[in-house]
Amino acid sequence: MNYISTRTENSEKHSSAFVIKKGLADDGGLFVPENLPELSLSDIESLISKSYPERAAYILSLFLTDYSREELLSAAEAAYSVEKFGGPAAPISKVGDDYFLELWHGPTSAFKDMALQIMPRLLSLSLGKTGEEKDAYILVATSGDTGKAALEGYCDIDRVKILVFYPVNGVSNIQKKQMASQKGNNVEVFSINGNFDDAQSGVKAIFSDNSVKAKLAENGLFFSSANSINWGRLAPQIVYYVSAYCDLIAEGELKAGELLDVTVPTGNFGNILAAYIAKKMGLPLGKLVCASNRNDILTDFINKGVYDRRREFFTTVSPSMDILISSNLERLLFFVLGAEKTRACMNKLSSEGVYSLSDAEMELIRADFAGCACSEEETAKTISDLFGEFGYLCDTHTAVAANAAAQYKKEGGNKMLIVSTASPYKFAPAVLSSLGEAVPEDDFDALDKLFAVTKCAIPKNLANLRSASVRFTKTVDPKEMVDCII
Ligand SMILES: *Cc1c(COP(=O)(O)O)cnc(C)c1O
């Protein structure tokens, strides 16, 4: 399987190891497989009796054809082990008539673990496959959750080092403690005196600093990124849709071949794009419902055909969806409309902040997608209703999806899979307040109180955090970030 860029017709073709190492194409586009592998109903049925790591190795082997099945299986077994996930990697809870696919049982209790537990292993293997002599040095600027998930994913992976910067007053106490207590011999964490933008600009400046690159090269290292647009982060996300379908057949909830609708709480469009790819491979999925919070740029796009980022940005209780540029949408444009049109749209987006598609083009997109948005009030009410009616506690992002699914289902549809992307304990203050409870000042007290009120289990990594020992305490000014390298 070869990979091409979303922005150039007949662009150069590359192996999967190359694109995982490289990240972004030279023309600024994203890498996509040249064609999508097929998944027949009998392929799917043959996966029903398999474990999650075996399913992952099978699906990934269709895309990463320059990795051996043994390599993929051992990477998947290490990434999705029972020790790390406390059980199967992506379990389903039936709530009323709907199925919640819980993607947050990993080591940081967030869905980013599903990709970040395996991607670093794929990157590490790619170095050998591409004849790279230097080791990879990952730099991350984070506003919270991605930094921890990346640290946990890269921790003690061969031939990579990771360095994370976060704004000293821009993350919650829990997020700070999670990063400051990170284990591993190849990790380093600094806070900076500044906000997230300062951290991000600092990292960008370091990436393009030739003297730093030279210093790295002398030490046998090169810069790489843990960016969410890397194909190595997207491919593992296709697996859990196939896996969920297998589990629903096994549990007698679905007949083989029966269509299943899916609702995804969407930010950067990676998760829902993985569902689209699974569908195009042959997984019997019906409508893919893109759920937005108050930042409803994607639902507006799907419903009106205009992607317009010239709008007010809102801070919401579902912060991982507070995004105005959904990078992975570019891959959908490519699959539906081709490279030339994709390049034109991306150029218009960067020069004018807006692009629009014709009705005929939008019909192609609407054949697979629907968009529904959810207000802050509806998010809170959904959390409270699901807990009151079913005793099911969900986080704010999942609540946006559950509300969007309910809106969509008014028109009918198939059985519904709702993608759940974070443990409710990751957003304990907002969840408590949705339940009508007073919110304690201290984050850790909020965790304890959410447990006292709901009796739902606290994930182990969060329960142990209060007493975890702190390893990283240094705070630097943005201009000193460059001195933290190596
Ligand atoms: C990252 C994230 C999302 C958004 O996923 P995309 O793939 O960026 O659309 C939703 N919920 C949570 C909790 C996340 O961390």
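Preceding block: the structure.
None of the values given here were measured: they were computed from a predicted structure. (Residues numbered from 1 in each chain as written. Predicted model: local features only at pLDDT ≥ 70, side-chain atom pairs only at ≥ 80, totals over all residues. Heavy atoms only, no water.)

Pairing of strand 3 (residues 92–95) with strand 4 (residues 98–102) involves four bridges; the strand directions are antiparallel. Within strand 4, the position partnered with Ile 92 by the bridge is Leu 101. The antiparallel hairpin formed by strand 3 and strand 4 contains two residues in its connecting segment, where Gly 96 sits at a positive phi of about 60°. (Pairing = 2+ DSSP bridges. Helix = DSSP H or I, 4+ residues; strand = E, 2+ residues; numbered from the N terminus.)

Quick look at the sheet that holds strand 14 (residues 415–420) now. The strand order across the open sheet built from six strands is 3-4-14-9-10-13, with neighbouring strands paired in mixed fashion. In this open sheet, the two edge strands, each paired with only one partner strand, are strand 3 and strand 13 (369–373). Here the average twist between neighbouring strands, direction ignored, is 25°. Sheet topology places strand 10 (residues 285–292) next to strand 13; five bridges connect them, and they run parallel. From the neighbouring strand, Ser 292 faces strand 13, where its bridge partner is Ala 373. Across the sheet, helix 14 (residues 297–304) lies against strand 10 and strand 13, angled at about 130° from strand 13, the strand it touches most. (Axes fitted to C-alpha atoms, helices over the stretch in contact; angles between N-to-C directions. Contact = heavy atoms within 4.5 Å.)

Moving on, we get to the packing of aromatic side chains. Evaluated as defined, the whole model comprises 16 aromatic pairs. Measuring from centroid to centroid gives 5.6 Å for Tyr 3 and Trp 231, while their planes differ by 50°, and the two rings are tilted. In this pair, Tyr 3 is assigned in strand 1 (residues 3–5) and Trp 231 in helix 12 (residues 231–250), connecting sequence segments 228 residues apart. Across the pair, exposure class does not vary: Tyr 3 and Trp 231 are buried alike. Note on Tyr 276 and Phe 335: the rings are 6.2 Å apart at their centroids and 40° apart in plane angle, and the pair reads as tilted. Here Tyr 276 is found in helix 13 (residues 270–281), whereas its partner Phe 335 is found in helix 15 (residues 329–337), with 59 residues between them in sequence. For Tyr 276, a relative accessible area of 5% translates into the label buried. The exposure class of Phe 335 is partly exposed, given its relative accessible area of 22%. Cluster of aromatic residues (ring-pair linked, three or more members): Phe 269, Tyr 276, Phe 334, Phe 335 and Phe 369. Directly above the ring of Phe 222 sits Lys 21, whose terminal nitrogen or CZ lies 5.9 Å from the centroid. Over the ring of Tyr 67 we find Lys 129, and its NZ or CZ is 4.9 Å from the ring centre. (Phe/Tyr/Trp six-rings, centres within 6.5 Å; stacked < 30°, edge-to-face > 60°. Buried < 20%, exposed > 50% of the residue type's maximum accessible area, 1.4 Å probe, protein only. Lys NZ or Arg CZ within 6 Å of the ring centre and 35° of its normal.)

Moving on, we get to the side chain of Thr 6. Counting through the fold element by element, Thr 6 comes out in the loop between strand 1 and helix 1 (16–22). Judged by its relative accessible area of 0%, Thr 6 is buried. Among the polar contacts made by the side chain of Thr 6, one reaches the side chain of Glu 330 at a distance of 2.7 Å. Contact partners of Thr 6, with chain neighbours within four places excluded, come to Gly 29, Leu 30, Val 32, Glu 330, Arg 331, Phe 334, Ala 339 and Thr 342. (Polar contact = N/O pair within 3.5 Å; in protein donor to acceptor, adjacent residues only side chain to side chain.)

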